[in-house]
Amino acid sequence: MLSWSGERFKVVTTDGILLTKAGTMTGGTTGGMEAKSNKWDDKKVEGLKKKKQELESKLETLPSHREMHLKESEMYGKISGLDKKRKYAEIDEKNVKEKLASLEKEKKNIVEEVGRIESENRKRDAIIKKRAGEIKMLEKRINEIVDRIYGDFSKSVGVENIRVYEEKQLSVAKEMVEKRVALSNQISKLKCQLEYEKRQDMESQVLQLKSSLTALNEELEKVKGREIHVNQEKEKISLEINKLKEEMQELKSKLDEYEKGTQEWNKKISSTTTNLTKVNRQINVKETQIENLESRKRDVVEKCDLEQISLPTISDPMETESSTHIPVYDFSQLDRSLQKDMRPTEREKQEADFKHKMDALISDIERTNPNLKALDQYEALREKERLMTEAFEAARKEEKEIADKFNAVKDQRYSKFMTAFNHISSNINKIYKQLTKSNTHQMGGTAYLNLENEDDPYLHGMKYTVMPPTKRFRDMEQLSGGEKTVAALALLFAIHSFKPSPFFILDEVDAALDNLNVAKVAQFIQSKSCQGARTDQDDDGSFGFQSIVISLKDSFYDKAEALVGVYRDSERSCSRTLTFDLTKYREN
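Quick caveat, the model's predicted, so the values are computed rather than measured. (Residues numbered from 1 in each chain as written. Predicted model: local features only at pLDDT ≥ 70, side-chain atom pairs only at ≥ 80, totals over all residues. Heavy atoms only, no water.)

### Points about unusual backbone geometry
For clarity, the cut-off: Helix and strand definitions follow DSSP, with helices as H or I runs of at least four residues and strands as E runs of at least two, each counted in order from the N terminus. The classification of residues rests on relative accessible area computed with a 1.4 Å probe and restricted to protein chains. Under 20% of the type maximum is buried, over 50% is exposed, and intermediate values are partly exposed.
Unlike most non-glycine residues, threonine 470 shows phi in positive territory, near 65°. Locating threonine 470 in the fold gives a position in the loop between β7 (462-467) and α10 (481-498). Even without being glycine, serine 573 reaches a positive phi, approximately 55°. Examined against the element boundaries, serine 573 turns out to sit in the loop between β10 (562-569) and β11 (574-581). The exposure class assigned to serine 573 is exposed, which follows from its relative accessible area of 55%.

Shown next as structure tokens:
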């Protein structure tokens, strides 16, 4: 600023503006304090204050940190309970599937047996029809033989066949016997009448009666002669008939044997069909009982889990160390009121029903006169109890056999899994050291596998831990992509060493590896895939393998024995391949 004397000064105004000696002006504000005071509106300020009060009131209504912590712990408890419930559901689902598979297999066997029996029945029916036809033919043949033997006799007598003659002779003999009886009766009557007339002195009547008696005697003599002649013919015919009867008896004996065989086959067929029906009915009943019991057990366990009720359990004597832990609950510690609501087993129901019926019968006997049919009813009930006890014992024996088979398969599964796991866990550290060792780190890294539950590995998982060289322990998620790739390859080669496959196909496994790790992996695969490793056993006890590697890095595929290149043929619009043998260029 200029003064009257002409000298320049640095001046600062009330608005904050700075005037230098050179005349430049800096600083200051536009509008001054009034502009600052008018920057915030009163309504906005009031709105912000109300909003502040509302937020403070909401903050007061929120629960405390302790309550939030309690709610969080409660939610964690519910989550853990649901997780247990899910595991139980998975176990139940697995058991149900196994039972369904076994029942389907048993059903298939029964259907096959039914088909086989039906085919046998058809064969037997055909045999029966054939035997019936043979019997008819034999009867026809017997009749033809009899007709041929007595053909001349039948013609001389004037009948169609010997059977008609036999019927006529029997009727004639019967008439002769009847006439003889009638004449004997008449003679006896005449004798009585003669005696009566003698007493009456009636000579004329006596003479008449004597003459009639003489005539009757002559007729009787004639009848006797005819009877003798008929008896002689009858004896001849009887001899011939006896011979024919003997032949017929032999044929009938053969026929009886055939019929007995047919009846035996029919009995076997009916018994087999009855057994099949009983087995199918027992299977259906057992399936229904198992489903009902499993459903009720799941409902009770789920309700207890939701209400956080701990159920007392007892040790199962049939449970083995390697079997899946299925809790067996102890009902003796419950209150009496709860015990009344419990549903007994089928055997306990039967015993309770029988005891109740026996008490009722005893009380009835004491109140009333003895029932004479009580012994029969008791025997019937006793027989029924015996049948039900036999059925129960058979079902329990069958259940025990199935449980033994299931435990045997379970033990076999556990032993095979542990054999594979022990082999893999013992070889994975050696393979990982080979993949990670270098000139600066001769020992390489460390890798090992652990089971979360060694007693029952299928209910829990396993943990795979690796420590690369010069690295401390850390989780697998915190490793880099290349370190994870090397760890995965080590696990893959360890699994392959248990039961080697014919060859490997590796598709760009070196994508996340640097040049150093690519060289290590390529060197390892080359050591396992070369001609010597394919014929000789390695130091770790495993044999080498063939491998097909898909890679885009020359540091990987320059160690191969042969190259296969794929390119596009634009003229033919298709892909083609080129092969190149590198064994003749290999350095000794």
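Alright, that's what it looks like, and here's the rest.
### Examining the packing of aromatic side chains
Short version of the rule: We call Phe, Tyr and Trp rings a pair once their centres come within 6.5 Å, taking the six-membered ring for Trp, and we label the pair stacked below 30 degrees between planes, edge-to-face above 60, and tilted otherwise. Think of it as a cone above the ring: NZ of Lys or CZ of Arg counts as a charge over the ring if it is within 6 Å of the ring centre and within 35 degrees of the ring normal.
Counting across every chain of the model gives four aromatic pairs. With a centroid separation of 6.2 Å and an interplanar angle of 15°, the aromatic rings of phenylalanine 417 and phenylalanine 421 are classed as stacked. Residue phenylalanine 417 and its partner phenylalanine 421 are located together in helix α9 (residues 374-436), separated by four residues, close to a single helical turn. Exposure remark for phenylalanine 417: the relative accessible area of 22% places this residue in the partly exposed category. Through pairs of rings, three or more aromatic residues link up here, namely Phe417, Phe421 and Tyr458. Of note, lysine 94 hangs over the ring of tyrosine 458, and the distance from its end group to the ring centre comes to 5.8 Å. Its end group placed over the ring of tyrosine 458, arginine 413 keeps NZ or CZ at 3.8 Å from the ring centre.

### Brief notes about the pattern of salt bridges
Our working rule: By convention in these notes, a salt bridge is any Lys or Arg side-chain nitrogen within 4 Å of a carboxyl oxygen on Asp or Glu.
A full pass over the atoms with the stated rule returns 13 salt bridges. A salt bridge links arginine 386 to glutamate 390, with the nearest nitrogen and oxygen atoms 2.5 Å apart. Here glutamate 390 and arginine 386 lie together in helix α9, a separation of four residues that amounts to about one turn. We classify arginine 386 as partly exposed; its relative accessible area is 38%. The class of glutamate 390 is partly exposed, set by a relative accessible area of 43%. The partner of aspartate 569 in a salt bridge is arginine 576, with the nearest N and O atoms 3.4 Å apart.

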